[in-house]
Amino acid sequence: MTTIRSFNLNVPDETLADIRQRVIDFPWHEMPDDGGWEYGANLDYMKEFCDYWVSEFDWRKQEQRINSFSHFVAPVEDIDIHYIHEKGSGPAPMPLIISHGWPGSIVEFLNIIEPLAHPERFGGDPQDSFDVIAPSLPGFGFSGRPARPIGPRKIAGLFAHLMSDVLGYDGYLAQGGDWGGGISGWMGFDAAPACKAVHLNIMQVRHPDGPQTPEEVAWEQRFIQEQEMEEGYRTQQGTKPQTLSYAMMDSPVGIAAWLIEKFNSWSDTEGDDIESVHSKDVMLTNIMVYIVTRTFNTASWIYYGRREEGGRIMHSNGRRIEVPTACALFPAELLAWPPRSYVERLFNVQHWTEMPRGGHFAAMEQPQLLIDDIRAFARTLR
């Protein structure tokens with residue numbers, strides 16, 4: 001029998017003091033004279049951000065908010081998997097596993113867990129409630145690490161085991177963006193019929209036969225051009241993650257810069273005003289999860305693991321994911337969605353929503369739009 005133990009976050013004071021001192025002592029350097037965000041994390045903003053970090057940020061307040069949910073850890077195939085488990089209201093809450101990505105964490109979901117589990121607290125219908133399970137990916141945050149890098153398909157198997165064998169659910173809906181989208185898709189493929197449906201706010205996988213129509217060819221060409229300036233971190237983390245780790249594990253400012261750059265360029269911001277979407281407190285809470293758990297290194301391994309699994313290509317022997325699938329298209333998504341014709345060769349698309357605003361971090365940027373779309377899709381399944 002699997003032993004499930006409760007989990008409570010309580011970072012030692014000396015750890016927080018050490019992080020704060022490292023930020024204070026960071027040896028600031030230069031950036032090009034014409035630099036804004038074009039060369040990476042903006043130097044002026046990073047100085048402002050770190051000044052707030054050491055003078056105003058209240059980790060204990062954020063820690064208390066994280067601990068307001070019920071946390072657990074369970075061994076799944078010899079890896080300790082941490083997860084939030086918020087049981088829903090109403091007569092028949094639907095089990096829902098929501099999976100985060102990189103450079104995120106369970107912090108991404110702090111604004112959507114309660115409304116999904118308890119809609120009546122927000123003026124909604126308890127008939128729409130979910131049992132929400134929000135795990136930390138292996139190697140991320142509060143979960144244990146694998147012995148070596150693993151990719152999204154392997155993680156999908158672990159999460160399917162968590163849902164069916166550890167938590168005992170006969171059926172569930174899987175939702176995700178970023179890596180969580182890839183993981184959720186593979187759950188729909190490998191773990192059906194227990195995984196009854198999938199809701200995605202990203203399209204990670206690619207068809208082995210490639211684009212088939214002029215519209216699809218044009219999308220692929222645009223996608224390649226758009227990704228040219230975003231490939232650096234993927235290449236590093238997918239080939240030599242260990243080398244990067246030696247710099248990052250000793251530098252809270254380095255980790256912050258590496259992550260903040262993505263939150264700026266991948267979000268639906270007003271120009272380069274990152275705080276038009278993300279507050280310093282939210283970004284710092286997410287960053288601190290990587291730092292206090294010392295998981296920047298192991299969190300990067302998933303890129304290496306995906307490369308070993310075959311990259312973006314969905315190697316499925318010509319079969320598509322047949323469970324009902326919902327697609328939520330946020331306009332500023334980093335990975336531009338293919339035409340629906342392409343997606344339908346990979347998924348059984350039953351629900352397709354083109355959102356009016358929002359980017360890569362949907363649960364953080366536009367939580368209500370995402371919640372409403374998950375609920376609307378789930379109503380077709382109940």
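Use the structure listed above.
Residues numbered from 1 in each chain as written. Predicted model: local features only at pLDDT ≥ 70, side-chain atom pairs only at ≥ 80, totals over all residues. Heavy atoms only, no water.

Caption draft 1: Representation of the sheet that holds strand β6 (residues 172–176) in the model. The strand order across the open sheet formed by 9 strands is β1-β2-β3-β5-β4-β6-β7-β8-β9, and the pairing between neighbours is mixed. Both outer strands of the open sheet, β1 (5–7) and β9 (347–354), are each paired with one neighbouring strand and no more. Across the sheet, the mean angle from the axis of one strand to that of its neighbour is 30°, orientation sign disregarded. Pairing analysis gives 4 bridges linking strand β4 (residues 94–99) to β6, with the strands arranged parallel. The residue bridging Ser-99 from the neighbouring strand is Gly-176, located in β6. Together, β2 (71–76), β3 (79–86), β4, β5 (130–135) and β6 form the strand contacts of helix α5 (residues 152–166), whose direction differs from that of β2 by roughly 105°. (Pairing = 2+ DSSP bridges. Helix = DSSP H or I, 4+ residues; strand = E, 2+ residues; numbered from the N terminus. Axes fitted to C-alpha atoms, helices over the stretch in contact; angles between N-to-C directions. Contact = heavy atoms within 4.5 Å.)

Caption draft 2: Representation of a negative patch on the surface. A cluster of acidic residues, Asp-33, Asp-34, Glu-38, Asp-268, Glu-270, Asp-272 and Asp-273, forms a negative patch on the protein surface. Along the polypeptide, Asp-33 turns up in the loop between α1 (13–24) and α2 (43–55). Asp-33 sits in the exposed class, given a relative accessible area of 85%. (Patch = residues over 30% accessible without salt bridge, like charges linked within 9 Å, V, L, I, M, F, W, Y side chains within 5 Å. Areas by Shrake-Rupley, 256 points an atom, 1.4 Å probe, with all protein chains shown as cover. Salt bridge = Lys/Arg side-chain N within 4 Å of Asp/Glu carboxyl O. Lys, Arg positive; Asp, Glu negative; His and termini not counted. Charge placed at Lys NZ, Arg CZ, Asp CG, Glu CD. Buried < 20%, exposed > 50% of the residue type's maximum accessible area, 1.4 Å probe, protein only.)

Caption draft 3: How the structure looks around the nonpolar core. Among the nonpolar cores identified, the biggest contains 124 residues, and Trp-53, Trp-102, Met-187 and Ile-260 are the most heavily contacted of them. Those residues within four positions of Trp-102 in sequence are excluded, and the remaining contacts are Phe-140, Asp-178, Trp-179, Tyr-233, Gln-237, Trp-258, Leu-259, Lys-262, Trp-266, Tyr-290, Ala-299 and Tyr-303. (Core = buried A, V, L, I, M, F, W, Y, C linked by side-chain atoms within 4.5 Å.)

Caption draft 4: Structural detail: the side chain of Asp-131. Tracing the backbone through its elements, the reader meets Asp-131 in strand β5. One buried charge, Asp-131, has no salt-bridge partner; the nearest side chain with opposite charge is Lys-87, at 6.2 Å. A distance of 2.7 Å separates the side chain of Asp-131 from the backbone nitrogen of Gly-88, its partner in a polar contact. Setting aside its immediate chain neighbours within four residues, Asp-131 contacts Glu-86, Lys-87, Gly-88, Pro-93, Met-94, Pro-95, Leu-96 and Tyr-169. (Polar contact = N/O pair within 3.5 Å; in protein donor to acceptor, adjacent residues only side chain to side chain.)

Caption draft 5: Broad picture of the pairing of strand β8 (residues 321–329). Counting buried positions along β8 yields 7 of 9 residues, so the element is predominantly enclosed. In this structure, strand β7 (residues 195–200) lies alongside β8, joined through 3 bridges in parallel fashion. The residue of β8 that forms the bridge with His-199 is Ala-326. Two strands pair when backbone bridges link them, and β8 and β9 are joined in this way by 7 bridges, in the parallel orientation. What sits directly across from Ala-328, in β9, is Thr-353.

Caption draft 6: Highlighting the packing of helix α8 (residues 231–239) against helix α12 (residues 296–309). For the pair α8 and α12, interaxial distance at closest approach is 7 Å and the crossing angle is 90°. The orientation of α8 relative to α12 falls into the category roughly perpendicular. Between α8 and α12, the contacting residues are Tyr-233, Arg-234, Gln-237, Gly-238 and Thr-239 on the first element and Phe-296, Ser-300, Tyr-303, Tyr-304, Arg-306 and Arg-307 on the second. In terms of residue class, the contact of α8 with α12 is built from 4 nonpolar, 4 polar and 3 charged. (Parallel < 35°, antiparallel > 145°, perpendicular 65-115°, else oblique. Nonpolar A, V, L, I, M, F, W, Y, C, P; charged D, E, K, R; others polar.)

Caption draft 7: Representation of the packing of aromatic side chains. Summed over all chains, the structure comprises 18 aromatic pairs. Plain terms: the ring middles of Phe-7 and Phe-142 are 5.3 Å apart, the flat faces sit at 45° to each other, and that makes the pair tilted. Highlighted residues: Phe-7 in strand β1 and Phe-142 in the loop between β5 and α5, separated in sequence by 135 residues. Ring plane angle 10° and centroid distance 4.0 Å describe the contact between Phe-263 and Phe-361, whose orientation is recorded as stacked. Linking Phe-263 in helix α10 (residues 252–265) with Phe-361 in the loop between β9 and α14 (362–365), this pair joins segments that are 98 residues apart in sequence. (Phe/Tyr/Trp six-rings, centres within 6.5 Å; stacked < 30°, edge-to-face > 60°.)

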